[in-house]
Structure formats: C-alpha cells, structure tokens
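# A look at the structure
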Amino acid sequence: MPRHRERTRHLASPENGLVHVLITGGRGFLGARLARRLREAGHRVTLFDTHQAQARADVSGMETVTGDICDFHAVLDAVDAASPDVIVHAAAIVGGVLSMEQPAATVHVNVAGTVHVLEAMRLRGVPRAFMISSEECYGSFGYEPADEAHPLVPATPYGITKVAAEWYTGYYRRRFGVEMVNVRTSWVYGAGMPRLRFETKLILDALTTGVALSETGADHRIDYTHVDDFVDGLLRLIEAPRLDHQAYNISSGRAVRLGDLAELIAANIPGARIEVGNGLLEFAPGFPAPVKGALSIERARREVGYQPRISLEEGMRRYVDDLRRASSVVS
Ligand SMILES: NC(=O)c1ccc[n+]([C@@H]2O[C@H](COP(=O)([O-])OP(=O)(O)OC[C@H]3O[C@@H](n4cnc5c(N)ncnc54)[C@H](O)[C@@H]3O)[C@@H](O)[C@H]2O)c1
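Predicted model only: the values in this text are computed from it and were never measured.

Quick look at the overall build of the protein chain now. Of the regular secondary structure elements, the protein chain holds 11 helices and 15 strands. Expressed as lengths along the three principal axes of its C-alpha atoms, the size of the protein chain is roughly 60 × 40 × 40 Å. Summed over all atoms, the accessible surface of the protein chain reaches about 14100 Å², with 51% contributed by carbon and sulfur. When the 37 basic and 40 acidic side-chain charges of the protein chain are each reduced to a single mean position, those positions are 4 Å apart.

Before going further, it helps to spend a moment on the site of the ligand. Around the ligand, a shell composed of 28 residues is seen, among which Phe29, Leu30, Asp49, Tyr158 and Arg195 lie nearest. Here an oxygen atom of the ligand sits 2.9 Å away from a polar atom, N or O, in the side chain of Lys162. Between an oxygen atom of the ligand and a main-chain N or O atom of Ser186, the distance comes to 3.4 Å. Taken by itself the ligand offers 820 Å² of open surface, and the protein chains cover 90% of this. Listed by contribution, the elements that provide at least two residues to the shell around the ligand are helix H2 (29–40), strand E5 (128–134), helix H6 (157–176) and strand E7 (187–189). Tallying contributions element by element places E5 first for the shell around the ligand, with three residues. For the shell around the ligand, the class distribution of residues is 14 nonpolar, eight polar and six charged. Residue contributions to the shell around the ligand reach at least three from each of two domains, namely domain 1 (2–188 + 225–250) and domain 2 (192–223 + 255–293 + 310–322).

As far as domains go, the protein chain holds domain 1 (2–188 + 225–250) and domain 2 (192–223 + 255–293 + 310–322). A straight line from the C-alpha centre of domain 1 to that of domain 2 covers 28 Å. Taken together, the contact between domain 1 and domain 2 spans 21 residues of the former and 22 residues of the latter. Between domain 1 and domain 2 lies a buried interface of about 2000 Å² when both sides are counted; carbon and sulfur atoms form 60% of it. Where domain 1 touches domain 2, the interface holds three salt bridges. A salt bridge links Asp228 to Arg318; its shortest N-O distance comes to 3.7 Å. Counting every contact that joins domain 1 to domain 2 gives nine residue pairs in polar contact (both at pLDDT 80 or more). Of all the elements in the fold, those that place two or more residues in the side of domain 1 that touches domain 2 are helix H4 (96–101), E7, strand E10 (224–226) and helix H8 (227–239). Sorting elements by how many residues they give to the side of domain 1 that touches domain 2 places H4 first, with three residues.

The subject of this paragraph is the pairing of strand E11 (residues 247–250). Of the two faces of E11, both are covered, the one formed by Ala247 and Asn249 as well as the one formed by Tyr248 and Ile250. Two strands pair when backbone bridges link them, and strand E6 (residues 180–185) and E11 are joined in this way by four bridges, in the parallel orientation. Bridge pairing links Asn182 to Ala247 in E11.

Let's shift gears to the nonpolar core. Membership of the largest hydrophobic core comes to 67 residues, with the highest contact counts inside it found for Tyr224 and Leu261. Among the domains, domain 1 (2–188 + 225–250) and domain 2 (192–223 + 255–293 + 310–322) are the pair contributing at least three residues each to this core. Apart from residues no more than four positions distant in its own chain, Tyr224 is found in contact with Trp187, Tyr189, Arg197, Phe198, Glu199, Ser252, Arg254, Val256, Leu258, Leu261, Leu312 and Met316. Among the nonpolar cores identified, the runner-up in size contains 26 residues, and Leu76, Met121, Ala129 and Met131 belong to it.

With respect to the element layout, Arg299 can be found in helix H10 (residues 298–304). You can call Arg299 buried: its relative accessible area is 18%. There is a polar contact of 2.8 Å between the side chain of Arg299 and the backbone oxygen of Ala247. Setting aside residues no more than four positions away along its own chain, Arg299 makes contact with Glu148, His245, Ala247 and Tyr248.

End to end, helix H11 (residues 312–326) covers 20 Å across 15 residues, agreeing with the expected 21 Å (1.5 Å per residue, within 8%). Residues of H11 that are buried include every one of Leu312, Gly315, Met316, Tyr319, Val320 and Leu323, and no others. One side of H11 carries all its buried residues, which in axial view fall inside an arc of 135 degrees. Taken together, the buried residues of H11 touch E7, helix H7 (198–209), E10, strand E12 (256–257) and helix H9 (258–268).

Moving on to the packing of H2 against H8. Helix-helix packing is characterised by the crossing angle of the two axes and by the distance between the axes. Viewed as axis vectors pointing N to C, H2 and H8 meet at an angle of 60 degrees, and their least axial separation amounts to 10 Å. Our classification of the angle between H2 and H8 gives oblique. Between H2 and H8 lies a crossing of right-handed hand. Between H2 and H8, the contacting residues are Phe29, Leu30, Arg33, Leu34, Arg37 and Leu38 on the first element and Val227, Asp228, Phe230, Val231, Asp232, Leu234, Leu235 and Ile238 on the second. Residue composition of the contact of H2 with H8, by class: 10 nonpolar, no polar and four charged.

This part is about the packing of helix H5 (residues 103–124) against H6. Relative orientation of the contacting elements H5 and H6 amounts to 15 degrees, with a least axis distance of 9 Å. Relative to H6, the element H5 is oriented roughly parallel. Crossing of H5 over H6 shows right-handed handedness. Counting all contacts with H5, which are made through Thr106, Val107, Asn110, Val111, Thr114, Val115, Leu118, Glu119 and Arg122, the residues of H6 involved are Pro157, Tyr158, Thr161, Ala164, Ala165, Tyr168, Thr169, Tyr172 and Phe176. Residue composition of the contact of H5 with H6, by class: 11 nonpolar, five polar and two charged.

What counts as what
- Residues numbered from 1 in each chain as written.
- Predicted model: local features only at pLDDT ≥ 70, side-chain atom pairs only at ≥ 80, totals over all residues.
- Heavy atoms only, no water.
- Helix = DSSP H or I, 4+ residues; strand = E, 2+ residues; numbered from the N terminus.
- Areas by Shrake-Rupley, 256 points an atom, 1.4 Å probe, with all protein chains shown as cover.
- Lys, Arg positive; Asp, Glu negative; His and termini not counted.
- Charge placed at Lys NZ, Arg CZ, Asp CG, Glu CD.
- Near = heavy atom within 4 Å.
- Polar contact = N/O pair within 3.5 Å; in protein donor to acceptor, adjacent residues only side chain to side chain.
- Nonpolar A, V, L, I, M, F, W, Y, C, P; charged D, E, K, R; others polar.
- Domains from an automatic or database assignment.
- Contact = heavy atoms within 4.5 Å.
- Buried area = accessible area lost by both parts, 1.4 Å probe.
- Salt bridge = Lys/Arg side-chain N within 4 Å of Asp/Glu carboxyl O.
- Buried < 20%, exposed > 50% of the residue type's maximum accessible area, 1.4 Å probe, protein only.
- Pairing = 2+ DSSP bridges.
- Core = buried A, V, L, I, M, F, W, Y, C linked by side-chain atoms within 4.5 Å.
- Expected span 1.5 Å × (residues − 1).
- Arc of directions from axis to C-beta.
- Axes fitted to C-alpha atoms, helices over the stretch in contact; angles between N-to-C directions.
- Parallel < 35°, antiparallel > 145°, perpendicular 65-115°, else oblique.
- Left-handed = near helix turned anticlockwise from the far one by under 90°.

Structural data, given as structure tokens:
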C-alpha cells in the first residue's frame, strides 16, 4: 500500500508524458470527445461502454471494450486488458430528470459502477482516475460562485448518487490509497449532447417548427460550459504532474439567465418565435430544479491553468449550427 500511495501522490507520468487512458462511458458525449482530444495529444485510449451505446463523436479506430459497469468482472477484465495508467470514469445514468424516472437503476450504475472501478483500481494498482461528477452534488446553491467547499446537499436521485460515488472515492483513498479525483461540471453543451435538455429542445423546436415555448424557467440561471472547454480542463487535470485536491470544478465560471439564453438562441434562428415563461425550471410539475448559478473555477485555474475560451455567444452559435446540420441524429 505505501508503494501505491507513493506512485499516486506524485502522479508521475511515463517518461515521454504519454499515458494510456481507459474511459468508461467512452462512447458517450463527454467520453468520446475526450477520447479524440487524448488521441490528438498522442495518448493511447481504450473505451469501455455498453453494446447499445451510440458513439457521440468519431471514435473510429479506437480500442473498444464492450461491457456493463454494473458487472464487476467485466470492469476487471477491461482493466486487465488495457492495463491503463489513468481511468476516466464517465459511465453513468445522467441527469436529474432521468434519475427521477429510474431511481434504482441510477444507484446501480452510478454508485455500484463507481465502486467497481475503485475496486478494480485497488486490485490492479491503477495509479490514478478521474470521475466526472456534477454540480448536482451541491444541490441548490447556498452562495455563488459555488466553490468546491460548498456543502454537498443534493436534491435529486442523480445528485445523491454522485455524492455517494464521491464519498466512495474518499473511502478508497483513505483506506487503500486509491486516487480517484472528482471533476464536477455544470451543464456541458455542444455537438453530440444526447439529451433533450432545456436549450437543446428550444433550438430543435425553433429549427423544426419555427416556434419554441417553455412554460417556466426564464429566471433560472445556469453555468453553461462548452464541451471543448470542459475537455480542455479535464485534459489539463489528466496531464498535471501533481494535483493538490480531490475535487475540481470545471465549468465556464459564469451563469446566464435562461430568459437571456433564449434571446441568444433566437438571434441565431432568424424568424423563430422563442418564449420562456417566468419562474424557475421544474424537473416535474411542482418539483423545482435545484437553484444554480456560477461555479468557481479558481482552483483549476490556479493549479492547472484552466481557462475557458469559448464564450456563450460563440458556443451557442456553433451549437445551433451543429443541430441545424445534424438534427436528425439527436435523440
Ligand atoms: N453532459 C453534462 O452536462 C454533464 C454534467 C455533469 C456531469 N456529467 C457527467 O459526465 C459523464 C458523461 O456524461 P455524458 O454527458 O457524456 O452522458 P452520456 O450519456 O453521453 O455518456 C454516458 C455513457 O455512459 C454509458 N453507460 C451508461 N450506463 C452504462 C453501464 N451500465 N455500463 C457501461 N457504460 C454505461 C452510456 O452508454 C454512455 O455512453 C457522466 O458521469 C455524467 O454524470 C455530464
């Protein structure tokens, strides 16, 4: 165990700085985009995902292992086959609404799945991992910008599973010296986003019918992060020779009112009528979404030089163009 801890504390990369990264959920929105960036940077990548998973970005030619994160032996076999230097754990059931529809499955995939990865790391001595966690850990923000010390008071099954998974990372670190760093992000958007989230629905409705309406939500504020900025932040954490903390926020660091976002989208779809009613978003009738705002990204800025580069105006313009070109492949 001390040897294990020594390897992880110094987070030493192989001599040429290149690592082999196993990405669970590697065919998903963030996993596939990260895989491409890692490959472009010269790293080796293996993807782990279910056989149903549709690739959300071009992952052709990448090594892929098919399996279910809920099956411990499948996870262990993947770790044995890849023998990775780093794991990025992105496999999950994602989002507050979906988790409310599938609360038990969300526990299995998000909590047991994470424990399977941690257990495989412990048994095989994998030096380092990153779990893609969420601002949903914080629940409704008590202050803003919410930094990593914000209390963890999750309000949805999804947030509860992310906090539970983070607590398991803490247990495995203290008990076994297993290093899984929690990377908390906000609403990441961009080409390949697989869910009909607020902005995606507005854009698709406006593009296909010329009219997009949401009964509520104009006063909700969200920290939207372009996928390329998120991947850049995660890559910086992966490549850092040393990290001083166990949790990092990676987001844009700014929040926009959804009423203002709707105007921004409308400016990119001439002639469309987009209207969003006042008030906060609801995840179900009478069940408000947690109140959000900006995350603090000072820790990542200070330690790994993370700096988001894509303004919301530019990012949404690109996203509208992406959806205009590829609306038929968004489910
Ligand atoms: N996109 C966001 O805005 C956002 C925000 C905060 C956190 N996250 C986190 O980022 C990670 C990736 O999310 P995403 O947006 O890319 O979503 P996604 O749905 O595109 O990716 C999740 C991937 O996990 C895979 N998966 C699901 N169940 C699995 C199982 N049982 N076994 C193996 N693989 C399984 C899916 O097939 C999919 O490819 C998740 O952990 C999510 O909670 C995403």
